[in-house]
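Summary of structural features
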Amino acid sequence: MSPELRRVLAIFVFVVIAAGSAIAQKEARNTTEPSAAKTTPIDPKYTTPKSPLDTSYGAKIAEYTTEKYFMTELVDHLPLSDKVPSPDKVLGYAVGTPNKLTYTKDLYRYYRELAKASPRVRVLVAPEKSEEGREQMLVLVSDEANLAKLDRYKEITAKLSDPRKITDAEAQTLISEGKPFYWASGSIHSPETGSPEMLMEMAYRLAVEDSPFIEDIRKNMIIMITPALEVDGRDRMVDLYNYHKANPGKPVPPLLYWGKYVAHDNNRDGLGLALALTRNQMRTFLEYHPTVLHDLHESVPYLYTMTGTGPYNAWLDPLAIDEFQLLAYHEIEEMTKRGVPGVWTHGFYDGWAPNYMLYIATGHNAIGRFYETFGNGGADTRERTLPAAQTSRVWYRPNPPFPRVNWSMRNNVNMQESAILFAMNFVAKEKERFLNNFYLKSKRSVAKAANEGPAAYIIPGDTPRPVEAADMVNLLRLQGVEVHRATKEFTVKDQKYPAGSYIVRMDQPYSRMADMLLDTQYYNVSDPAPYDDTGWTMGAMRNVKTVRVVDKSVLDAPATLLTQDAKVTGQLSGPASAVAYLINHNTDNTLATLRFRLKDVKMSAAEDSFKVGDQQYNTGTFIIKKDGNPADLRARLESAVAELGLKAAGVEKLPEVKTHDLAAPRIAIVHTWTNTQNEGWYRIEFDKYQIPYTYISDQVIGKTPNLREKFDVLIFPPVGGSAQTIVNGMPKRGDPIPWKASAITPNFGNSPDQTDDMRGGMTVAGVANLQKFIEDGGLFITIGGVSQVPIDYGITTGVSVQQSDKLQARGSIYNSTFSDRKSPIAYGYDASLPIYFNQSPVFQVQTGGGGGQGGGGGAASRASGRGGVNDPDVVQAMPQPRPLDPNNRPDPDADLRESPFFVPPPLRPRVVLRFASDEKNLLVSGMLAGGNELANRPAIVDVPVGRGHVVMFATNPMWRHQTQGEFFLVFNAALNYDNLSVGRSEGRGRQQPSTAEGDDQ
Ligand SMILES: [Zn+2]
C-alpha cells in the first residue's frame, strides 16, 4: 500500500468515526495543500508519514480541535506503532483531551515506557531534585545511531564551545560530523499547562514517525525534552485543576504556591541560580551545549514567538539577535502559509534583562528562545474573548488573532507542536549553519578581551567582605565562567592588587555572561517601557567591589584557575586567656548565621567603632565575652567561625566601647493568601543562612491577640495592592476556599503553609494586634508597598508615601548614603551603599513636630528673580538683614512644644538610609528619569511606636537572590530589635547635618 493510499484510507476511517470535525479537518487539508504546494519549500510528501496512522487517535485530534485553521498537517495525525506506545496507550487518553491534565509521575511513567520500547528515546535525570524532592527528568530523542554515539556528539559540541582548544580547520571537521541538540523545556510556569502534554506527543512522534520531515529532525539532531521544569508546581497545578473540576461553579483560587519558594519569578532566576530547576538547566547546558534552548510559555494569543521589541541585551553577539529573528520568522512564515491565524513576533517583551531561564543558553553563546501560546489555564474548552489591543493588525502582527473563539487545550497543543517542529526541522536541515554560528559566537567571546574589551574584571583580594566575594565567584563558576586567583601581588595601571585577588578574564568562552553580570547597565528612558529589571550589576548588588579593567596587561597577572569553589576558612586567634572575642562587623552574611548557630551564647554589639592595636573594628562589631558564657565557648566559636569564614580575635582586655546585647530573636516571615511571589525569596535567604523563622499567614496576625508572646520580629515582604487590599485579603464572599491537602489535592499538602479558608486577610483585628505587638516592644519590618499598612492604618505617624509624577526608576540600582550611621541598622556598613529599587514607594518623612508640614517644590526651586537658580533672592529697597538660619537654632522645637501634635524627638521617625542627595549621582545601573523625585528620599525609616519599632524599607533588600549587599540591613534590624534607638542624637531631629533641607523637613 502506498503511503498516499494509506493516508486516504486513514482519513476515511476517521471520517467515519469522528464525523463532522473530521470532515472539517479533511477540508482544511484539501484547501491548504494545493496552494501551499506551489509556494512552500515544504512539499506535502515531505511531511506525510509512509507507515500507517493511528486513526482513532487522529479522530480525537480532529474532535478536540475547535477550528480547522488551528491545525497543521504536521500534527493532524499520529503514526501507529505496534511496539512503541503512544501517550493514550499509557495514560488512557490522547494528548489534548478536554479536562485531562497529567501529573509528573504520569508524565514520567509515559516517558519511561516510551524509552523502554524505543531505542530512539533515552530517559535521564537532572543532577538535583526539586526543593520538594521530585526528580527532574531529561528525555533524549534521536535516531538510534545518534544515541549510540551520544558521548561523541556531546564531545563535539563541548569542543565547539571552547575555541581556545581547537583550530578553525578542526572546528569545520567537527561541525560536519556534529549534531545540534535542540532542547524543548516544558512548563516552567505552572498555570501554563499545555506544554507538558504536548511534549509527550512530540516525543512519540519524533521517535516513531517516518515522514521525511520528522526523519530529518531525528537523523540530524538530538532532541532534549524537559517534560515539566517546575515539577513541584506542576503537580499542585494539576491538583488545583482537579479541584476546579470537582467543584463546578465554585471560585477557583489562584495557584498560590508553585515551587516551594517562588511562583512566576522562577523565570527570573537566570542570574542568581537560587532554585534547583535553574541550576539543573545550567548544569545540563554545560554538559550538552545545546544549540537551542526553547522555553514553552502560555499567555498571549495564539502563538507569539520570541524576538522582542528591544532594546536588546547589549552584551550579546549581534549574531544572537539575528538568530532570534531568523527562527521566529521561519516559524511565522510556515504557520502563516498554512492559514493559521495569530502567529506573530516582536512585541510582548523587550529582550534586555538576562534574568530569564533562557539565558542559560543565550548567555552562553547558544540560542535561548520562547513561545507564548494561548492557554486556558487548565484543560477546559472555553470561549475566549480578546481586547482590541490583542486583535488589531499592526506591522508585527499582520495576521492577528480573532476577538472571539472557542479555545481548547488541543488547539494549544497543535500550535506549539507544529511551530516547534518547524523550528527543529529548520535547525536540523541547517545544522552546519547553526553549529558554525555557535562556534563563531564562542570564538568571538574568547576574542572579547582583545577586541571590544574589557580585558578582565578584578575582585580585589583585600575586599572587606571575603565571604561574600567568594560566594559571588562561586556563582560565576556555576554559570560556567572561569575565575582565576592571583598567586602574587600585581599591578595594573599603577593600581596594586594583592595576592588572592580574583580575576575574571574576558578571553574565555563565557566572557559575555560574565561581562553582562559584572558590568553596569544604562537603559534609555525613551526606549519601550522595560518588561522587567533594567539594572542588575552583580558587584553593586552584592556590595563587593569589582574593577573593570581594559588594560590587557591584566591578562599577564600571575594567577591560577580555580578548579573548585572558593572557600574562605575563618579562624579564631588570640591567647587561651582571652577575656573576649571580637568579630569585626563586615556585613558578611554568615555573621547572622553565627548569631543563631550560637544562640545560647551571649553576644553584644559595639555601639561605636574602635581600635585594638592596628586593627580597626567597625561600629556593630560582635563582642563575645568569656564571662557569662558556656565553658566550651572557645571551641564552639572556633569551629563555627572556621566554617563560616569569619575572623574572631581573642583579646586579654575588653575594648573601651559602649555595647548592648545582641539578640537571637524569634522571627516570623509573614505571607498572605493572595500572593507568595516576593516573600519566597526571603525564605530562600533565611534557609540558606540557617536563620530560624516561623512562617505565618496574615490571618494568624488577625487571630493572635498577643503576638509578642510568640515573636520578637515580624517581617512582611512585599505584596501588591493598597493597604486596604492587603488587610482585607481575598473577599469573604461565598463558601470557604481551602488550600490544604485533600484526596483531590494531595500536593497542596507539601505547600509551605495550608489553610481551611484562603479568604480574608489580617483584617482590622490584625492591624490592632500588630499595633499591640509593636507597642509591647516588637519589631515590624515592612518592605516596599507593605509599608502602607502601618502608615494608612495610623500605627505610625510622620511617614507618608508620595505619588511620583515623572519618576521612572524601574528595577534599577541607585546610590544611597547612611544618614544615621549610629543606627544599629547601619552596623558594619560603609558610608554609602548601592541599593535595588523598583519605582515605589517614595517615602516622605516629617522629622519635626507638627502635623502636616512638608511637601512642596523640588530642592532647586526658588522665586523668579535675579541671578541663577542657586543664587539667593534679593528683595529690593527694603532692609537687608543677614538672614538667620532657621535650621540651626539652639532649640529647634521651641515654637512647637505647646502643640498637642508635638512629637518628642525620641518618637520621631529616624531616617537611617537615604537615596543619594544629588540626582546626578543617583543612578548606578539601570534607568532613571525624574530623579529629583527620588534624590535624598528616605530608603529606610525606623519609626518608634511605644516600646517597639516599625522599620520601613523603600527598597527590596532580598530581591531574587541578587541583593546580598542589602541582606544585613534586615539582619541588623532583627539582631538589634530591642536596641534600635541606640545612637539617636536626641533633640537634634531637625538639625542633623545629613538630614536634607527642603521637602523632608
Ligand atoms: Zn510563562
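Reading the values: the criteria
- Residues numbered from 1 in each chain as written.
- Predicted model: local features only at pLDDT ≥ 70, side-chain atom pairs only at ≥ 80, totals over all residues.
- Heavy atoms only, no water.
- Donors = N, O, S within 2.8 Å, 3.2 Å for Na, K, Ca; no water.
- Buried < 20%, exposed > 50% of the residue type's maximum accessible area, 1.4 Å probe, protein only.
- Salt bridge = Lys/Arg side-chain N within 4 Å of Asp/Glu carboxyl O.
- Helix = DSSP H or I, 4+ residues; strand = E, 2+ residues; numbered from the N terminus.
- Pairing = 2+ DSSP bridges.
- Polar contact = N/O pair within 3.5 Å; in protein donor to acceptor, adjacent residues only side chain to side chain.
- Contact = heavy atoms within 4.5 Å.
- Axes fitted to C-alpha atoms, helices over the stretch in contact; angles between N-to-C directions.

On the protein side, the zinc ion has His189 (ND1), Glu192 (OE), Glu192 (OE) and His297 (ND1) as donor atoms, found 2.1 to 2.4 Å from it. Summarised as a motif, the one-chain spacing of the donors to the zinc ion is H-x2-E-x104-H. Judged by its relative accessible area of 2%, histidine 189 is buried. Classification of glutamate 192 as buried rests on a relative accessible area of 11%.

A separate point is the pattern of salt bridges. Opposite charge on two side chains makes pairing possible when the charged atoms of those side chains draw close. Per the counting criterion, the structure on display carries 69 salt bridges. Salt-bridge contacts for aspartate 380 lead to lysine 245; the nearest nitrogen and oxygen are separated by 3.0 Å. Placement of the pair is aspartate 380 in the loop between β8 (367-373) and β9 (382-385) and lysine 245 in helix α11 (residues 231-246), with a sequence separation of 135 residues.

Moving on, we come to the pairing of strand β34 (residues 910-915). Counting buried residues along β34, six of its six residues qualify, which places the element largely inside the surrounding structure. Inspection of the sheet shows strand β31 (residues 812-818) paired to β34 by three bridges, in the antiparallel sense. When the sheet's bridge partners are listed, threonine 817 is paired in β34 with arginine 914. Across four bridges, the pairing between β34 and strand β36 (residues 938-945) is antiparallel. Bridge pairing in β36 links arginine 910 to aspartate 942.

On to the side chain of glutamine 136, then. Mapped onto the fold, glutamine 136 is located in the loop between β1 (121-125) and β2 (137-141). Owing to a relative accessible area of 4%, glutamine 136 belongs among the buried residues under this scheme. Separated by 3.4 Å, the side chains of glutamine 136 and asparagine 280 make a polar contact. If we ignore the near neighbours within four places in the chain, the residues touching glutamine 136 are Tyr108, Leu124, Val125, Ala126, Glu128, Ala228, Leu229, Leu277, Asn280 and Gln281.

If you walk across this open sheet you meet the six strands as β18-β24-β19-β23-β20-β25, and the pairing is mixed. One side of each edge strand has no neighbouring strand; the edge strands of this open sheet are β18 (571-573) and β25 (659-661). With direction set aside, neighbouring strand axes in the sheet form an average angle of 25°. Sheet topology note: the β18/strand β24 (residues 647-651) ladder contains three bridges and is parallel. Looking at β24, one finds that serine 573 is bridged to alanine 649.

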